[in-house]
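This is what each chain is made of:
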Amino acid sequence: MIRSSIATANALGFYAEPGVTPSLTYNDVYGNAGGGYVGCAAGTGSLSAAVTFDADWREAAGTPAVDGGAPADPYDQEPSYNGGRVNLGAFGNTVYAATSSPPSSRGGGGKCGS
């Protein structure tokens, strides 16, 4: 099982030998020279979106990999604000994970028109 991972800018994304059917869910596979999935297929929740990394290889805030992991995976080690969902990649569910944008605190209530 491969879950909550990033495979980008490699020779291949994920490769499976004939007869092997891996479980590939909630991954981001993008921009791999030889293809994203060879001998296998993207599973539930998988993305194909460019990821921008900071200098230390953490996902930059605002990329699809932030909060893109499997909903049932733990995220309690991620700093606040963590969006209630684990980040993809090596720093997911660690104190080094990229933070999420907090929800808007804009109030509602006004009327439009007359």
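Above this text is the structure in question.
Residues numbered from 1 in each chain as written. Predicted model: local features only at pLDDT ≥ 70, side-chain atom pairs only at ≥ 80, totals over all residues. Heavy atoms only, no water.

Engineer: Explain the side chain of S4 residue by residue, including any values.
Structural biologist: When you line up the elements, S4 lands in the loop between β1 (2–3) and β2 (6–8). Those residues in contact with S4 that sit more than four places away from it in its chain are T25, Y26, N27, G69, A70, D73, V86, L88 and G89. (Helix = DSSP H or I, 4+ residues; strand = E, 2+ residues; numbered from the N terminus. Contact = heavy atoms within 4.5 Å.)

Engineer: Break down the pattern of salt bridges for me, citing the residues and quoting the values.
Structural biologist: Tallied over the entire structure, the rule returns 2 salt bridges. Notably, a salt bridge pairs D56 with R58, separated by 2.9 Å at the nearest N-O pair. D56 gets classed as partly exposed once you look at its relative accessible area, which sits at 36%. Assessed through its relative accessible area of 25%, R58 is described here as partly exposed. (Salt bridge = Lys/Arg side-chain N within 4 Å of Asp/Glu carboxyl O. Buried < 20%, exposed > 50% of the residue type's maximum accessible area, 1.4 Å probe, protein only.)

Engineer: So what's going on with the nonpolar core? Which residues, and what values?
Structural biologist: A general tendency of soluble globular proteins is for nonpolar side chains to be buried together. Of all hydrophobic cores here, the largest spans 6 residues; its members are A7, F14, A16, L24, V29 and C40. Among residues more than four places away in sequence, those in contact with L24 are I2, F14, Y37, C40, A41, A42, G43, T44 and S46. (Core = buried A, V, L, I, M, F, W, Y, C linked by side-chain atoms within 4.5 Å.)

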